[in-house]
Amino acid sequence: MARGATVRERQEAAFEDKPIPGFVRVNLLPETQLDRVAARRAKLVAITLILMAMFVILGWRLYLQLQIQAAEDELLAAQAAGAAPAAELAQYGEIPLLLDAAEQGQEALTLAMGSEVRWSFLLNQLSFATPGGVELVGVGGAISTDGTVETSPGEALTPQPTVGEMTFTGSAASFAGVADWLDSLGDLNEYTYPLLTDTAKESGGNSSGGVTWDSRAGLGPNALSGRYGQALPPEPAPAEGGGQ
C-alpha cells in the first residue's frame, strides 16, 4: 500500500488482508471523523509523554534537593563538632602565656635572689663554732656583685668558688685561741680559706695576756640559701686585644 494512503484505506486493507471469518466489517464513519480520532489519540499520547517527562524531571529535582540538604546538614554537623574542641581550646589559650610569664618571673627571681645568704643562719652557726676563750666583737659580710667567682688568697693556693666575703674582729686569751678560731672556721663548709689579717697584744693592765685579732674568709656556694635557685654566672670578660 502506498505510504500516503488515508487511515480508512489502511484499515480496509488490514481487514482485507486478515478477514474475520463470519463477520463483515462495515465502517460507517466518515474519513474526516477518523482523522480527528487519530489526531486526538496522537495528542493524548504526546500529552501523556510530556506529563511523564515532567514527573521524571520533578522527581529528579526533588532527589537532588534532598541530597543537597543532606550534604548541608552534614556540613553543619561537622562544623558544630569542630567548633566544640575549638571553644574548649580557646579556654586554655592563655595557659602558655601564663606559663611563659611564670618562667620569666622565676628567671627574674633567680637572678635577683639567687645569691641570697641567710645571715641569721650564719651568725647562729658562728655562735656555736666559736671556741672557748674567743670572743667575736664584730662580724661583717658582703655578697660579690659578679656572682660566683674563683678566688684564692695567694698564687700557691688553688682558687675556690666564692660568692662573697666575711670579716671578723675579736679577742682571745692567747694566740693559741686565735689559731683555734681559724681552725674552727675552716671546718665549716660555708667558708673558704679563713685567714688572719691582723693581730695585736692587748695592753692596759690585762694580766691574762689577751690578744685582739682581725680575720677574713671567703663565702662558698654552700652559704647560699638555695631558696630561689642559683644566680646565673657572669659572662666572661672579653680577652684583651680583641682576641688577636
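These numbers come from a predicted model, not from an experiment.

(A) How the structure looks around the overall build of the chain. Per the secondary structure count, the chain includes 5 helices and 6 strands. Listing the helices and strands of the chain from first to last along the sequence gives α-α-α-α-β-β-β-β-α-β-β. Intrachain contacts of the chain at a sequence separation of at least 6 include 67% that bridge at least 24 residues. Within the structure as shown, the chain displays about 17800 Å² of accessible surface, and the carbon and sulfur contribution to it stands at 60%.

(B) The arrangement of helix H5 (residues 175–186) in detail. Here H5 contains 12 residues, and its C-alpha end-to-end distance of 17 Å stays within 8% of the 16 Å for a straight helix at 1.5 Å per residue. Within H5, the full set of buried residues consists of Gly-177, Val-178, Trp-181, Leu-182, Ser-184 and Leu-185. The buried residues of H5 occupy an angular sector of 165° when projected down its axis, which confines them to one face. Check the buried side of H5 and you find it contacts helix H4 (119–129), strand S1 (134–143), strand S4 (164–172), strand S5 (191–201) and strand S6 (211–219).

(C) Just the nonpolar core, in detail. Within the largest apolar cluster, 21 residues are counted, with the highest numbers of intra-cluster contacts made by Leu-126, Phe-168, Trp-181, Leu-185, Tyr-191, Trp-213 and Leu-219. Sorting the residues of this core by element identifies H4, S4, H5 and S6 as the ones contributing at least two each.

(D) Structural detail: the pattern of salt bridges. Scanning the entire structure with this criterion turns up 1 salt bridge. The shortest N-O distance in the salt bridge between Glu-165 and Arg-216 comes to 3.2 Å. A residue pair is termed long-range when its members are at least 10 positions apart, and Glu-165 in strand S4 and Arg-216 in strand S6 qualify at 51 residues. For Glu-165, a relative accessible area of 35% corresponds to the partly exposed category.

(E) Seen up close, the packing of aromatic side chains. Within the structure shown, the criterion is met by 4 aromatic pairs. With centroids separated by 6.3 Å and ring planes inclined at 65°, the aromatic side chains of Phe-168 and Tyr-191 adopt a geometry described as edge-to-face. Of this pair, Phe-168 sits in strand S4 while Tyr-191 sits in strand S5, placing them 23 residues apart in sequence. Given the relative accessible area of 6%, Tyr-191 is considered buried. In this structure an aromatic cluster arises from ring pairing among Phe-168, Trp-181, Tyr-191 and Trp-213.

(F) The confidence of the model for the chain, seen in detail. Looking at the chain as a whole, the pLDDT averages 77, with 72% of positions reaching at least 70. In the predicted structure, residues 232–244 sits below a pLDDT of 50 and forms 2 contacts with residues beyond four places in sequence or in another chain.

(G) Examining the side chain of Ser-184 more closely. Its place among the elements puts Ser-184 in helix H5. Given a relative accessible area of 16%, Ser-184 falls into the buried group. A distance of 2.4 Å separates a polar side-chain atom of Ser-184 from the backbone oxygen of Ala-129. If sequence neighbours within four positions are ignored, Ser-184 has contacts with Ala-129 and Pro-131.

(H) Expanded view of unusual backbone geometry. One non-glycine residue, Tyr-193, adopts positive backbone phi at about 50°. Here Tyr-193 is to be found in strand S5.

(I) Highlighting the sheet that holds S4. With antiparallel pairing, the 4 strands of this open sheet are ordered in space as S1-S4-S6-S5. Bordering the open sheet on either side are S1 and S5, each of which pairs with just one other strand. The mean inter-strand angle of the sheet, taken between neighbouring strand axes irrespective of direction, is 15°. Where S1 and S4 come together, 9 bridges link them in antiparallel fashion. The residue bridging Ile-143 from the neighbouring strand is Gly-164, located in S4. Each of S1, S4, S5 and S6 is contacted by H5, which is oriented at about 165° to S5, the strand it contacts most.

Quick notes on the rules
- Residues numbered from 1 in each chain as written.
- Predicted model: local features only at pLDDT ≥ 70, side-chain atom pairs only at ≥ 80, totals over all residues.
- Heavy atoms only, no water.
- Helix = DSSP H or I, 4+ residues; strand = E, 2+ residues; numbered from the N terminus.
- Contact = heavy atoms within 4.5 Å.
- Areas by Shrake-Rupley, 256 points an atom, 1.4 Å probe, with all protein chains shown as cover.
- Expected span 1.5 Å × (residues − 1).
- Buried < 20%, exposed > 50% of the residue type's maximum accessible area, 1.4 Å probe, protein only.
- Arc of directions from axis to C-beta.
- Core = buried A, V, L, I, M, F, W, Y, C linked by side-chain atoms within 4.5 Å.
- Salt bridge = Lys/Arg side-chain N within 4 Å of Asp/Glu carboxyl O.
- Phe/Tyr/Trp six-rings, centres within 6.5 Å; stacked < 30°, edge-to-face > 60°.
- pLDDT = per-residue confidence, 0-100.
- Polar contact = N/O pair within 3.5 Å; in protein donor to acceptor, adjacent residues only side chain to side chain.
- Pairing = 2+ DSSP bridges.
- Axes fitted to C-alpha atoms, helices over the stretch in contact; angles between N-to-C directions.

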